[in-house]
Amino acid sequence: MRYGQFDDEAREYVIETPHTPYPWINYLGSEQFFSLISHQSGGYSFYRDAKMRRLTRYRYNNIPADAGGRYFYVNDGGDVWTPSWLPVKADLDHFETRHGLGYTRITGERRGISVETLFFVPIGETAEIQKVTVTNTSDESKTITLFSFVEFCLWNAQDDQTNYQRNLSIGEVEVEQDGPYGSAVFHKTEYRERRDHYAVYGVNTRADGFDTDRDTFVGAYNGLGEATVPRSGASTGSVASGWYPIGSHSVNLTLAPGESRALTYVLGYVENPDEEKWADDAHQVINKERAHALLGRFATTEQTDAAFEQLRAHWTGLLSTYSVKSDDEKLDRMVNIWNQYQCMVTFNMSRSASFFETGIGRGMGFRDSNQDLLGFVHLIPERARERIIDIASTQFEDGSAYHQYQPLTKRGNNDIGSGFNDDPLWLIAGVAAYIKETGDVAILDEPVPFDNEPGSEVPLFEHLVRSFQFTVDNRGPHGLPLIGRADWNDCLNLNCFSTTPGESFQTTENQAGGHAESVFIAAQFVLYGAEFAELASRRGLTEVASQARKVVDEVRAAVLEHGWDGEWFLRAYDYYGNPIGTDAKPEGKIWIEPQGFAVMAGIGVDSVDGLNDESPAIKALDSVGEMLGTPHGLVLQYPAYTTYQIELGEVSTYPPGYKENGGIFCHNNPWVIIGETVVGRGAKAFDYYKRITPAYREEISDTHKLEPYVYAQMIAGKEASRAGEAKNSWLTGTAAWNFVAVSQYLLGVRPDYDGIVVDPQIGPDVPSFTVTRVARGATYEIHVTNSGTEGARGRLTVDGTPVEGNLVPYAAEGSVVRVEVTV
């Protein structure tokens, strides 16, 4: 069944009941301040880094699952309820959550009182805005008290959840009841020592009361649903001293029938220079100047509404870069709205902060962030440029790189370190995508350090040289790249053996000296090695380009000679030199990654249209469909492992059908989708696309469980006990890769170095469509008439003139280019 509906005109998903199968969330903010918010108002906020600058507290792995958030309590003559349903869970006469682009609107109504709360992070601000509109929908006057609630985190989210012997003694707040723009609570824990930042939670009226101590507000042995203060009807004026600081204001409202009252609450992050930290010589009162300025920008409803309209206009502008109009509303809403929106979120978050990632571990991934660029670069190219420099700065001189880094410090994470041998090549992928989109070849001359060490700067192009050479210098006995700790699949650990419970597979390299090789990295090298050679050639480095192409050809030949199993590509060779992903084994016979990536790289594609049934590419893709296919997507490998295979590492620790052991790891499904378009089989490609794309799965939300508007990382595979059930939504490389697959290959409009390639391959289900693509300041209106004939390629007419091939040269800035395509 469905639990809501898409409102495409408003660009919202409308949730019509609080009782979804799992909390369905949204993200607020796209610059420096971010919030996660569920349809029941759960979640938390942070500045830049979800570990080091956490403003509010959230409890993972809890009962109920959605424990902690920003809440508003209504006391209506002793009847206490929350318009978000949680945490009080009183029955509501009406409930609705609208998740939009950078905002969420939650409305609850009970006994003649409607409370609508609009949550958003304004452009250019480091704050979450909560606009609360209370309406008396009854035919009699109503007097109520509205209580707000946020619980402050003591900044470092990991320490906040572990170091109680210290943390329960350090909480500090200041309260300002009669501030220039209303009442405010200031959370200043550790401000007296090393911190130059504090949080503020204010409301744009003089509150009738406040509380800042959680135990006073909630009451001993109570949960948030039974909180004492809202049930008592009045705040206590508690001031936190240690223990658990919160921010809460109470406002008394009397409303005539039909009357509304709007209040604006601001949860903000403020930094002061060291010399401006204090408002007094005794260093007791924090300098609130910047906080007052922030609160002043939202002192009126008109200011708040204007900021919200600016946010909506911002997203309208971003989404105008690529759009499609077809007769398939699910295709249009995913391409035009939700897939691009998720690409923004993954660019900002990498894999750090979701309802499945706590925000205290991984930070930004080297591999992850480079891939996220692929689906984001067209939205805000200048931010993509900045991210590329950040990523490259964590690389080592030998071309390897930290696997992860923290967004606040931009320093590599030593706990994980390096040794994931696919990482370096993703930098080439990200840079190539950026240059194709923008034409900004000057980025290749940008000075970039190694390991963020001052004085080690070299041009960015030299980092690409090191990335390429790292793979060249780290090949095994079959001429295939060495896998290191893992390649793209972090759970295929061919050099990291472990029999100790709780020991990390990826960082326990206790079989050093092995020669485990990756066919996946080999395919990756062929694809991105060719991009490196092209970039070198365009810099006039003819000899570098020639040598690069020579090595690429060597690895391509090695894949066909040593990486082919007869009907599909092998996955790897293990530490002992034994093949993985071979029909000779009873389990793990075929793996998805090399099948898709090898065909994307053109390995084994024997003819121009690819439709040679005996070619390795066609055989591999046919094997994928036959052995890996399910109604819910393509599983990662088959059959799944039923016992622990120590020489394979973590992959075989999962139950069959879950995660990397035979689960549908959605991230790699787009590689097969793209592969099918490479060989001219658009119908198969579109079929695979629809199997994992959330809008097409909305009717089976009871099975899928997670949000029907964004991709999940994993869907349980055909050998799982709960096949089709998704896990880990939002932060997944699926977002970027599926946008690449649908926008650049199914719809077939992609930027290249010298122009826009137009090569649609989507099969007969979409007989016509129009893509509008803005690139380098020009607009391309591309109308496609599509027969869907297998193997057919488009014939192009550009501004009325037939052209050879599929490349439309870049036009002058401000131009409008009209392209007619017949497939």
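Residues numbered from 1 in each chain as written. Predicted model: local features only at pLDDT ≥ 70, side-chain atom pairs only at ≥ 80, totals over all residues. Heavy atoms only, no water.

**Here we look at the overall build of the protein**
The secondary structure content of the protein amounts to 19 helices and 42 strands. Relative to its length of 823 residues, the protein is compact, with a C-alpha radius of gyration of 28 Å against a globular reference of 28 Å. Over its C-alpha atoms, taken along the principal directions, the protein stretches across nearly 80 × 60 × 55 Å. Within the span of the protein, comprising 823 residues, buried residues form 64% of the whole. Taking all contacts inside the protein whose residues are at least 6 apart in sequence as the whole, residues at least 24 apart take part in 67%. Per element, the accessible surface of the protein, about 27900 Å² overall, is 47% carbon and sulfur. (Helix = DSSP H or I, 4+ residues; strand = E, 2+ residues; numbered from the N terminus. Rg over C-alpha atoms; globule rule 2.2 N^0.38 Å. Buried < 20%, exposed > 50% of the residue type's maximum accessible area, 1.4 Å probe, protein only. Contact = heavy atoms within 4.5 Å. Areas by Shrake-Rupley, 256 points an atom, 1.4 Å probe, with all protein chains shown as cover.)

**Focus: the nonpolar core**
If you look at the biggest cluster of nonpolar residues, it comprises 200 residues, and the most contacted ones within it are Phe-597, Tyr-689, Trp-737 and Leu-747. If we ignore the near neighbours within four places in the chain, the residues touching Phe-597 are Trp-426, Phe-520, Ala-523, Gln-524, Leu-527, Tyr-528, Trp-671 and Trp-737. Among the nonpolar cores identified, the runner-up in size contains 48 residues, and Tyr-47, Val-80, Val-185 and Ala-199 belong to it. (Core = buried A, V, L, I, M, F, W, Y, C linked by side-chain atoms within 4.5 Å.)

**Some thoughts on the pattern of salt bridges**
In total, this model carries 61 salt bridges according to the counting rule given. Between Asp-305 and Lys-131 there is a salt bridge, with its nearest N and O atoms 2.7 Å apart. Of this pair, Asp-305 sits in helix H6 (residues 301–319) while Lys-131 sits in strand S12 (residues 127–136), and the two are 174 residues apart along the sequence. Overall, Lys-131 belongs to the buried group, its relative accessible area being 15%. (Salt bridge = Lys/Arg side-chain N within 4 Å of Asp/Glu carboxyl O.)

**Concerning the pairing of strand S37 (residues 768–775)**
Here S37 shows a buried face lined by Phe-769, Val-771, Arg-773 and Ala-775 and an unburied face lined by Ser-768, Thr-770, Thr-772 and Val-774. Sheet analysis places strand S20 (residues 322–326) next to S37, joined by five bridges and oriented antiparallel. Bridged to Ser-326 within S37 is Phe-769. As judged from the eight bridges shared by S37 and strand S38 (residues 778–785), these two strands associate in the antiparallel manner. What sits directly across from Ala-775, in S38, is Ala-778. In this structure, the hairpin formed by S37 and S38 is closed by a connection of two residues, where Arg-776 is found at a positive phi of approximately 50°. (Pairing = 2+ DSSP bridges.)

**What about the pairing of strand S3 (residues 25–28)?**
Across the two faces of S3 the burial is the same, with Ile-25 and Tyr-27 and Asn-26 and Leu-28 all buried. Of the pairings in the sheet, the one linking S3 to strand S4 (residues 33–38) comprises four bridges and is antiparallel in character. Residue Leu-28 lies in a different strand from S4, and its bridge partner there is Ser-35. Counting the residues between successive antiparallel strands, the hairpin from S3 to S4 contains four residues, one of them, Gly-29, with a positive phi of roughly 95°.

**A word on the sheet that holds strand S16 (residues 197–203)**
Overall, antiparallel pairing links the 10 strands, which are arranged S1-S2-S9-S10-S11-S12-S19-S16-S15-S14 in an open sheet. The sheet is open, and its two borders are formed by strand S1 (4–7) and strand S14 (173–179), each paired with just one other strand. Averaged over neighbouring strand pairs, the angle between their axes works out to 15° when direction is ignored. Across five bridges, the pairing between strand S15 (residues 182–187) and S16 is antiparallel. Considered in S16, the bridge of His-187 is made with Ala-199. In the packing of H6 onto the sheet, contacts are made with strand S2 (12–15), strand S10 (103–110), strand S11 (113–120), S12 and strand S19 (260–271), and the angle to S11 comes to roughly 55°. (Axes fitted to C-alpha atoms, helices over the stretch in contact; angles between N-to-C directions.)

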